[in-house]
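Fold and contact review
Residues per chain are reported as follows:
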Amino acid sequence: MQFEDLVVETIEAISCVMRQAVREHRQKAEAGTDLCALTLTQLHYLHAVRELGRPTFRDLAEKFQVKKSTVTAIVQKLVLKGYVYKCQSQEDLRVYHIHLAPKGEQLIHLEDEGYRYFAKQLTACLDETERKQFAMMLQKIHNRAHENRK
């Protein structure tokens with residue numbers, strides 16, 4: 001088997017295990033229905049709001065390389081569902097900042113816990129030396145992926 005084939009097969013297997021682990025974690029947390037009520041795009045926007053910290057509509061449009069009208073539509077749905085709220089800028093009254101509402105923070109936290117649960121399941125077969133080696137390789141891959149996103 002070629003190296004690239006092994007990587008692709010491993011990614012597919014890891015994706016399957018991740019979906020199962022996150023599903024199990026959601027069921028344990030008894031909040032899986034909220035995640036199902038959001039589209040993948042809406043989840044990406046919640047993560048972006050957390051990542052950027054009080055972004056404006058323009059910030060999100062630049063991040064996702066979409067029109068402001070697209071951002072407005074998605075943010076409005078998230079506001080209606082109670083995941084985010086808008087706050088008018090004190091410096092420029094034409095500008096609104098988007099904040100995670102407690103419901104959005106809770107959802108993101110739940111999702112993060114699900115990923116941590118998955119990581120523990122995935123690496124349970126590794127001893128301490130292998131975990132350190134795996135962490136070094138992941139960091140190298142992460143750095144490369146981060147460079148390519150710029």
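Look up a bit, the structure's there.
This write-up is about the structure you can find in this document. Remember, it's a predicted structure, so these values are computed and weren't measured experimentally. (Residues numbered from 1 in each chain as written. Predicted model: local features only at pLDDT ≥ 70, side-chain atom pairs only at ≥ 80, totals over all residues. Heavy atoms only, no water.)

**Here's the deal with the pattern of salt bridges**
Inspection of the entire model under this criterion finds 3 salt bridges. Where Arg50 meets Asp112, a salt bridge forms, and the shortest distance between an N and an O atom there is 2.5 Å. Here Asp112 lies in helix H6 (residues 102-123) and Arg50 lies in helix H3 (residues 40-52), a separation of 62 residues in the sequence. By relative accessible area, Arg50 is classed as partly exposed at 40%. For the salt bridge of Glu51 with Lys63, the shortest nitrogen-to-oxygen distance reads 3.4 Å. Remark: Lys63 occurs in helix H4 (residues 57-64) and Glu51 occurs in helix H3; sequence separation between them is 12 residues. Classification of Lys63 by relative accessible area gives partly exposed; the value is 33%. (Salt bridge = Lys/Arg side-chain N within 4 Å of Asp/Glu carboxyl O. Helix = DSSP H or I, 4+ residues; strand = E, 2+ residues; numbered from the N terminus. Buried < 20%, exposed > 50% of the residue type's maximum accessible area, 1.4 Å probe, protein only.)

**Description of helix H5 (residues 68-81)**
Counted at 1.5 Å a residue, the expected span for H5 with its 14 residues is 20 Å, and the 20 Å between its end C-alpha atoms agrees. Listed in full, the buried residues belonging to H5 are Val71, Ile74, Val75 and Leu78. Down the axis, H5 shows its buried residues gathered within 100° of arc, on one side only. Those residues of H5 that are exposed and angled more than 90 degrees off the buried face are Ser69 and Leu80. Looking at the packing, one finds that the buried side of H5 touches H3, H4, strand E1 (84-88) and strand E2 (96-100). At the C-terminal side of H5, Gly82 shows a positive phi close to 85°. (Expected span 1.5 Å × (residues − 1). Arc of directions from axis to C-beta. Contact = heavy atoms within 4.5 Å.)

**With respect to the nonpolar core**
Leu46, Leu60 and Leu78 are the most contacted members of the largest nonpolar core, which totals 19 residues. At 5 residues, H3 tops the list of elements feeding residues into this core. (Core = buried A, V, L, I, M, F, W, Y, C linked by side-chain atoms within 4.5 Å.)

**Comments concerning the side chain of His99**
Secondary-structure assignment places His99 in strand E2. Under the relative-accessibility criterion, His99 is labelled buried at 15%. Once residues within four sequence positions are removed from consideration, His99 is found in contact with Val49, Arg54, Tyr83, Val84, Tyr85 and Cys87.

By themselves, these figures tell us nothing about what the structure is for.
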